[in-house]
Amino acid sequence: MAFPVPWSVVLVPVFIAAELILCSGSNNCLARNFGHDSIVCECNSTHCDSVGLVTLPPLGNYSSYLSSMAGSRLEASQGQVQMNSTGAGLRLTIVPYQKYQRIRGFGGAMTDAAAINILSLSDGAQEQLLRQYFSNEGIGYSIVRVPMASCDFSTRLYTYADKPGGYNLSSFTLAPEDTKMKIPLLQHAQAMSPKPLSLLASAWSAPAWMKTNDALTGKGSLKGLPGGKEHKTWAQYYIRFLEEYAKYNLTFWAVTTGNEPSAGRMTNYSFQALGFTPEEQRDWVAMDLGPAMYASSFPHTHIIILDDNRLLLPHWAKVVLNDVHAGRYIHGVGVHWYLDTFVPAEISLGTTHHLYPEYYLFGTEACAGWNPRDRGVKLGSWDRAEQYAHDIIEDLNHYVVGWTDWNLALDQTGGPNWVKNFVDSPIIVDAKRDIFYKQPTFYSMAHFSKFLWEGSQRVGVSASEETKMEFSAFVRPDDSVVLIILNRSPSEIQFEVWDPAVGYIPCTAPAHSLLTLAWNTH
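Residues numbered from 1 in each chain as written. Predicted model: local features only at pLDDT ≥ 70, side-chain atom pairs only at ≥ 80, totals over all residues. Heavy atoms only, no water.

Draft legend 1. Spotlight on the overall build of the protein. For the protein, the count of helices and strands is 11 helices and 22 strands. For the protein, whose C-alpha radius of gyration is 24 Å, the value lies close to the compact-globule estimate of 24 Å for 522 residues. Structurally, the protein occupies a C-alpha span of about 75 × 55 × 40 Å along its principal axes. Every one of the 522 residues in the protein was classed for burial, and the buried ones make up 59%. In the protein, the share of contacts with a sequence separation of at least 24, taken over all contacts with a separation of at least 6, comes to 72%. When the accessible area of the protein is evaluated, it comes to approximately 20,400 Å², of which 55% is carbon and sulfur surface. Taken as two groups, the 38 positive and 49 negative side-chain charges of the protein have centres that lie 4 Å from each other. (Helix = DSSP H or I, 4+ residues; strand = E, 2+ residues; numbered from the N terminus. Rg over C-alpha atoms; globule rule 2.2 N^0.38 Å. Buried < 20%, exposed > 50% of the residue type's maximum accessible area, 1.4 Å probe, protein only. Contact = heavy atoms within 4.5 Å. Areas by Shrake-Rupley, 256 points an atom, 1.4 Å probe, with all protein chains shown as cover. Lys, Arg positive; Asp, Glu negative; His and termini not counted. Charge placed at Lys NZ, Arg CZ, Asp CG, Glu CD.)

Okay, here's the thing in structure tokens:
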């Protein structure tokens, strides 16, 4: 739109002033546009927008937080709950007596690449970045996935026991990537977190000498059979890892049976992998990993199977969990988000939950920019924020108890990654300028991680008519209610929320927006 000349003269100083105000303000996003469909928020050692501590208004009022393609980022507002219906055509009704799973938490992965990028910043900017995720005023991350040794997001190939034939693991030693990078950052994150972090360990590959292909990459599995010396040694490798990290006061909530076991069964697979069939995984857990964990100093550390794409469900779960010898050691099933569109969530996640309700479902990895058709970093992509929110809502509505993003931070190319498997991350670091950008996906995660505390229980919510909105509702441990709504459509949607315990909340979901509503019930 063209303005008459006087307006354009007036506008220039306004923009400059706004930028100066943003720099000195505490909670404002310093918006940058890189030509995609939305903006990033720029942060440095002295300034970063933050949602801050969230306290709900008294009974009879509600809080709302809005992020949108148009540029809102966790924009807070409050309103009054109405005693009578607003007469809106669409009504979402909270059904608190329909109770489902309880939330464990949300988080991301401290890969070698993430650690390298965080440490490439000045001390002040590092502190700022970690605070965004882990501090009281940050977005409430409580889960950190930690690769055991190298993965594709490393700068070299290594394990902790590369010396051939060391079945007693006497040469087992953590790498400089652990002791100099990941461990100090995990300790720093833990120190600023209001609650103990839940650490989750995943291994990509066993040492080459234990494997059928004598290599960390490509198609290969453990030599011999479950119960044999390679399988026993690989189980002990897990224990040694937990022991070494415990020396740094870092204890693990869970381990997975290994990252993407299906990858290690693909010919010429390009990076670190260890193949297992579900039958092999079942027997390795029953005969080796389960007994080793139980007899170790870490009998309460959870074992999570699969750690691979959900299209492998329910078959994988049936094979492993139908076996009582394996099942007694297992706590949950880990899923990755890749290829989610190929199998409806109800068929994979829903069926698995209904067959095995005593085992939780947990999202262990997701990232944008992995697809060859839409590769790498896109600064300011709102479309990717919607992909995240859609997948998280779909997972939550199908019994998943937590959702873990992949790299906590990457550089502007989406690395480092030794096989150039570059992807996107919620935080992108520009070390040369000592700044980092918070992507739309960062705020997408925040709409869940900041508000869905551990122990929050999903409850029923019903729509009075067909709607393009996607939503999920929870009652938190203090009985407050949280409702998260995604509108991926190009039009604003007017609706009302009815909670029979408190009344009616009139609402508008702008086009391409994510909305978190929260209110007290007593």
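This is not the end of the story, as more comes after the structure.
Draft legend 2. Structural context of the sheet that holds strand β14 (residues 410-411). Strand order in the open sheet made by the five strands is β1-β2-β16-β15-β14, with mixed pairing throughout. Strands at the two margins of the open sheet, each flanked by one partner only, are β1 (30-32) and β14. Packing of helix α11 (residues 440-449) onto the sheet brings it into contact with β2 (40-43), β15 (427-430) and β16 (435-438), and relative to β16 it is tilted by some 60 degrees. (Pairing = 2+ DSSP bridges. Axes fitted to C-alpha atoms, helices over the stretch in contact; angles between N-to-C directions.)

Draft legend 3. Looking closely at the packing of helix α3 (residues 123-134) against helix α4 (residues 176-192). At a minimum axis distance of 10 Å, the contact between α3 and α4 shows a crossing angle of 55 degrees. Put simply, α3 runs oblique to α4. Between α3 and α4 lies a crossing of right-handed hand. The segment α3 lies against α4, with Gln126, Glu127, Leu130, Arg131 and Phe134 engaging Leu185, His188, Ala189 and Met192. Residue classes in the contact of α3 with α4 are distributed as five nonpolar, two polar and two charged. (Parallel < 35°, antiparallel > 145°, perpendicular 65-115°, else oblique. Left-handed = near helix turned anticlockwise from the far one by under 90°. Nonpolar A, V, L, I, M, F, W, Y, C, P; charged D, E, K, R; others polar.)

Draft legend 4. Region of interest: the sheet that holds strand β10 (residues 302-309). Taken together, eight strands build a closed barrel; the order of strands is β6-β7-β8-β9-β10-β11-β12-β13 and the barrel is parallel. Between one strand axis and the next, the sheet turns through 30 degrees on average, direction left out of account. Summarising the sheet, strand β12 (residues 360-365) and strand β13 (residues 400-407) pair through two bridges and their orientation is parallel. Bridging across to β13, Leu361 finds its partner in Val400.

Draft legend 5. Just the environment of Gln128, in detail. Tracing the chain through its elements places Gln128 in helix α3. Residues Gln128 and Cys48, 80 residues apart in the sequence, show an inter-C-alpha distance of 7.3 Å. Non-local contacts of Gln128, meaning those with residues more than four positions away in its chain, are made with Asn44, Ser45, Thr46, His47, Cys48 and Phe436. For Gln128, the side chain forms a polar contact with the main-chain oxygen of Ser45, separated by 3.5 Å. (Polar contact = N/O pair within 3.5 Å; in protein donor to acceptor, adjacent residues only side chain to side chain.)

Draft legend 6. Quick look at the nonpolar core. Residues Phe134, Tyr160, Trp234 and Phe241 are the most contacted members of the largest nonpolar core, which totals 135 residues. Looking at this core, the element that brings in the most residues is helix α5 (residues 229-246), giving eight residues. The residues contacting Phe241, other than those within four sequence positions of it, are Val146, Met148, Tyr160, Phe172, Leu174, Ala201 and Phe252. Listed in part, the 24 residues of the second largest apolar core include Leu92, Ile505, Cys507 and Leu515. (Core = buried A, V, L, I, M, F, W, Y, C linked by side-chain atoms within 4.5 Å.)

Draft legend 7. The pairing of β15, seen in detail. Alternating residues of β15 divide into Ile427 and Val429 and Ile428 and Asp430, and every residue in both groups is buried. The pairing of β14 with β15 spans two bridges and is classified as parallel. Each residue of the ladder has a partner; that of Leu410, found in β15, is Ile428. Pairing geometry for β15 and β16, over four bridges, is antiparallel. By the bridge assignment, Val429 is partnered in β16 with Phe436. Between the end of β15 and the start of β16, which pair antiparallel, lie four residues, with Asp434 showing a positive phi angle near 55 degrees.

Draft legend 8. Representation of the pairing of strand β18 (residues 470-475). Buried residues dominate β18, accounting for six of its six residues. Burial of the side chains of β18 extends over both faces: Glu470, Ser472 and Phe474 are buried on one face and Phe471, Ala473 and Val475 on the other. Here three bridges tie strand β17 (residues 457-463) to β18, and the two strands are oriented antiparallel to one another. Across the sheet, the residue bridging to Gln457 is Val475, located in β18. Hairpin connection from β17 to β18: six residues lie between these consecutive antiparallel strands. Across six bridges, the pairing between β18 and strand β19 (residues 481-487) is antiparallel. Paired with Phe471 across the two strands is Ile485, which belongs to β19. Connecting β18 to the next strand, β19, in antiparallel fashion are five residues, including Asp479 with a positive phi near 75 degrees.

Draft legend 9. Layout of the packing of aromatic side chains. Scanning the entire structure with this criterion turns up 31 aromatic pairs. On the basis of an interplanar angle of 85 degrees and a centroid distance of 5.8 Å, the ring pair of Phe153 and Trp406 is categorised as edge-to-face. With Phe153 in the loop between β7 (143-148) and α4 and Trp406 in strand β13, this residue pair connects regions lying 253 residues apart in the sequence. Here the aromatic residues Tyr160, Phe172, Trp234, Tyr237, Tyr238, Phe241, Tyr245, Phe252, Phe276 and Trp284 are joined through ring pairs into a cluster of three or more. The ring of Tyr100 is capped by Arg458, whose NZ or CZ atom sits 4.0 Å from the centre of that ring. (Phe/Tyr/Trp six-rings, centres within 6.5 Å; stacked < 30°, edge-to-face > 60°. Lys NZ or Arg CZ within 6 Å of the ring centre and 35° of its normal.)

Draft legend 10. Inspection of the packing of helix α10 (residues 382-396) against α11 at higher detail. Put simply, α10 and α11 touch, their axes get as near as 7 Å, and they point 25 degrees apart. Relative to α11, α10 is oriented roughly parallel. Crossing geometry of α10 relative to α11 is assigned as right-handed. Residue-level inspection shows Trp382, Arg384, Ala385, Tyr388, Ala389, Ile392, Ile393 and Leu396 of α10 in contact with α11, the latter providing Pro440, Thr441, Ser444, Met445 and Phe448. Grouping the constituent residues of the contact of α10 with α11 by class yields 10 nonpolar, two polar and one charged.

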